[in-house]
Amino acid sequence: FFFPSLTSFQQQQQQQQHHMRVMRRGNISATMSRNRCGLLPMGISGIALACIAGKRLAGEVGTFTMSARTISQGYGRAVLTGRSHEFQRLRAQPVAAVATPTETDVEKDFEGLANMLKDASALEGIGGLLGWDEMTMMPPGAAQARAAQKSALSSVIHAKRTDPTLGDILGRLKSSSDSLDRYKQATVREAARAYQKATAISDDIVRREADLESRAYQGWVKAREEKNWALFAPLLKEWVGLRQERAALIDPSRPAYDVLADDYDAGLTAKRVTEVFSRVRDGLVPLLRDLRSKGVKPDDSWLKGDFETGEQAKLCKEISVALGFNLDRGRLDTSVHPFTGGAHPTDVRMTTRFKTDDLTEGLTGAIHETGHALYEQGRNLEFDGLPVNSAAGMAIHESQSLLWERMVALSRPFAEYLLPKLQASFPDTFSTDRTAQSLYEALNTVKDVSLIRVEADEVNYPMHVILRFEIEKGLIEGTVDVDDVPKLWNQKMKEYLGVEPADDAQGCLQDLHWSMGAIGYFPTYTLGAMSAVQIFNAATRDIPNLDEAIASGDFAPLRNWLNKKIHALGSLHPKADDLLQAVTGKALDPDEFLKYLEAKYHTIYKLA
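The model shown is predicted, which means the values in this text are computed figures rather than measured ones. Every chain begins its residue count from 1, and numbering advances along the sequence as written. Only residues with pLDDT of at least 70 get local features here, since the model is predicted, and only at 80 or more are side-chain atom pairs given and counted; chain-wide, interface and lining totals rely on the full set of residues. Each side-chain value is worked out from all heavy atoms of the structure, with water and hydrogens disregarded.

A look at the sheet that holds strand S7 (residues 330–334)
In plain terms, the rule: Only strands that DSSP links by at least two bridges are regarded as paired with each other. Each helix is a run of DSSP H or I of at least 4 residues and each strand a run of E of at least 2, with the numbering of both proceeding from the N terminus. Simply put, an axis is a line fit to the C-alpha atoms, just over the touching stretch for a helix, and the angle between two N-to-C directions goes from 0 to 180 degrees. In this analysis, two residues are considered to be in contact whenever any of their non-hydrogen atoms come within 4.5 Å of each other.
Read across the open sheet, the 3 strands follow the order S7-S9-S8; overall the sheet is mixed. Both outer strands of the open sheet, S7 and strand S8 (340–344), are each paired with one neighbouring strand and no more. Direction aside, neighbouring strands of the sheet carry axes that sit 20 degrees apart on average. Helix-sheet contacts for helix H12 (residues 359–377) involve S7, S8 and strand S9 (347–352), and the interaxial angle to S9 is about 165 degrees.

Remarks on empty space enclosed by the protein
Rules: Cavity: a set of points on a 1 Å grid over the protein atoms alone where a 1.4 Å probe fits but cannot get out. Pocket: an open set with protein on both sides within 12 Å along at least five of seven lines, its lining residues, like those of a cavity, having an atom within 4 Å of a point. Grid points are joined across faces, edges and corners, and a volume is the space filled by probe spheres set on the points. Residue classes follow a fixed rule: Ala, Val, Leu, Ile, Met, Phe, Trp, Tyr, Cys and Pro count as nonpolar, while Asp, Glu, Lys and Arg count as charged, and any other residue, Gly among them, counts as polar.
Throughout the structure, instances matching the rule amount to 6 cavities of 30 Å³ or more. When its volume is computed, the largest cavity comes out at roughly 200 Å³. Residue lining of the largest cavity: 18 residues in total, with Gly 365, His 368, Glu 405, Arg 453 and Val 454 positioned closest to the centre. Among the secondary structure elements, those contributing two or more residues to the lining of the largest cavity are H12 and helix H13 (394–408). Take the lining of the largest cavity: its biggest share by element is 5 residues, from H12. Class assignment for the residues of the lining of the largest cavity results in 7 nonpolar, 5 polar and 6 charged.

What to know about the packing of helix H3 (residues 103–136) against helix H5 (residues 164–174)
Rules: A crossing counts as left-handed when the near helix is turned anticlockwise from the far one by less than a right angle, and as right-handed when that turn is clockwise.
At a minimum axis distance of 10 Å, the contact between H3 and H5 shows a crossing angle of 140 degrees. As H3 packs across H5, the resulting crossing turns out to be left-handed. For the pair H3 and H5, contact is made by Val 106, Asp 109, Phe 110, Gly 112, Leu 113, Met 116 and Leu 117 and by Thr 165, Leu 166, Ile 169, Leu 170, Arg 172 and Leu 173, respectively. For the contact of H3 with H5, the class distribution of residues is 9 nonpolar, 2 polar and 2 charged.

What to know about helix H17 (residues 485–497)
Inclusion rule: By this rule, a helix spans an expected 1.5 Å times one less than how many residues it contains. Throughout this description, buried means an accessible area under 20% of the type-specific maximum (1.4 Å probe, protein chains only), exposed means over 50%, and partly exposed covers the range between. The directions considered for the arc are those from the helix axis to the C-beta atoms.
Taking 1.5 Å of rise per residue, the 13 residues of H17 would be expected to cover 18 Å, and the 17 Å separating its terminal C-alpha atoms lies within 8% of that figure. Val 485, Pro 486, Trp 489, Asn 490, Lys 492, Met 493, Tyr 496 and Leu 497 are the residues of H17 that are buried. All buried residues of H17 fall inside an arc of 165 degrees around its axis, so they share one side. Exposed positions of H17 whose direction lies more than 90 degrees from the buried face are Lys 487 and Glu 495.

Some words on the pairing of S8
With 4 of 5 residues buried, S8 is to be regarded as a mostly interior element. Pairing geometry for S8 and S9, over 4 bridges, is antiparallel. Looking at the pairing, Gly 341 lines up with Arg 349 of S9. Linkage of S8 to S9, two consecutive antiparallel strands, is achieved through a turn of 2 residues.

Concerning unusual backbone geometry
A positive phi is found at Lys 227, a non-glycine position, where the angle reads about 55 degrees. Its location among the elements puts Lys 227 in the loop between helix H7 (203–226) and helix H8 (229–250). In this structure, Lys 606 is a non-glycine residue whose phi angle is positive, near 55 degrees. Assignment of secondary structure puts Lys 606 in the segment after helix H22 (590–604). Owing to a relative accessible area of 56%, Lys 606 belongs among the exposed residues under this scheme.

Keep in mind that these numbers describe shape and distance, not what the molecule does.
Structural data, given as structure tokens:
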């Protein structure tokens, strides 16, 4: 799970209206002060706009007119001086060729845009630290104070993200950015997209969201501890209402779930998710049936034992560093739910959790979060603080964590690397007669009972995500009541996975996402898993002897390839499918994912 470095769960969730909507082109009013000379600046590029388009402003020296285009583009200036409310003099200082601003004008505008965006990004980094601390170190009694801190910070960030000056600069750059390089053009595109969403929402909502985020997280922790959905239900009702309100303000013409999902993956819709998930479900149901009824299940009993958590943490840290995690720019801790967050690519915080009787959860969790962390640490600092330097959506972010967790850590070559380390850390369990092949097969056993999403094998996992998608979509559409979630959850678990949770902690309270208002996030996990397969297959084609490198513990070739192809590009491509097309030669393909699972597990389970 990737937790962005903001005071709220998702960057777009922080960028809301503070003072006013964007001034529309050609409809700009000027405010005169009777106690000062001239006009008060209106916040449009710092220029005092002198008249409404098409109207005239009279002074002692005559009449002056500015065109709507001059006002809206801001490349002309009106400088006014005078006594009290009388104008002694009106002097126009037009810039030549206003209709076609020079490259210098455009570059200056971009510099102004970049400075504003970087200031907001720095404040969001503070929010990231507040969020990380809340989930790892903060004493429970500080919850109310933390909620107030996050609410206040959200409002400050929100003011910067919705500054009318920012909107004016974006308005000019959107129509004159052809002279900019492609990274700067992408910055303008992503900033304009975020600004459009931000200016649709009130400051009241951003404060309510930040406050609810803290209250709901603490409520979720308590409800999970007591295995009681009723303790969390009122808080989720608040989130559902807020999310419905947000979606209606951003775009009332679109389905609410689509508006929310777009925050996590640009252009993602419930219709597209349903189509992809239907194809995946149709392929997985017979595969799971064949594995369980006809396959030869590997022996994984020897992976159970008594694993001291301190030794687990030491091993996980060693492997994380070997994969490429830079401890000078990050840290690894424990939390109720594994996540990656922090303040900046130079300050990445990730967490995992451990079980004394199950080594694999802490290990795979740490590797999963390392994948997120490598993405964050690999961002291109040339564009530090700019939206083009952000991840290309959460599906791609999840693809990076799942690529390292599944395509690498659950591979046969990685078993060669891992086995000696397990034998050194836990010699009583991992005797010298164990082989890399037996470890590979044991780690890839398909569970007969799969209750917990983060502990699920890669064949069962998509069914967990489909279940969550269907429920949260129903919550937003109003077809599912919050109070009915436990019953519906258990029904779908029985239908999709053949098992029913014993209590709410094993069921509908196992994930933190809804406590943070992250409705629309869950589909990105399975979309990310499918993307991971395509990306890794492309890497295998490009990198000679990749299997041998992984087996020997040399992860640099793959890490460097991913950094060049994925991490450093940030949001250069508008959508995840555009990035996949550039990296793999095609958009997301569910069939490639299904073929990978079928080939791998038919071999492990000895199916013809």
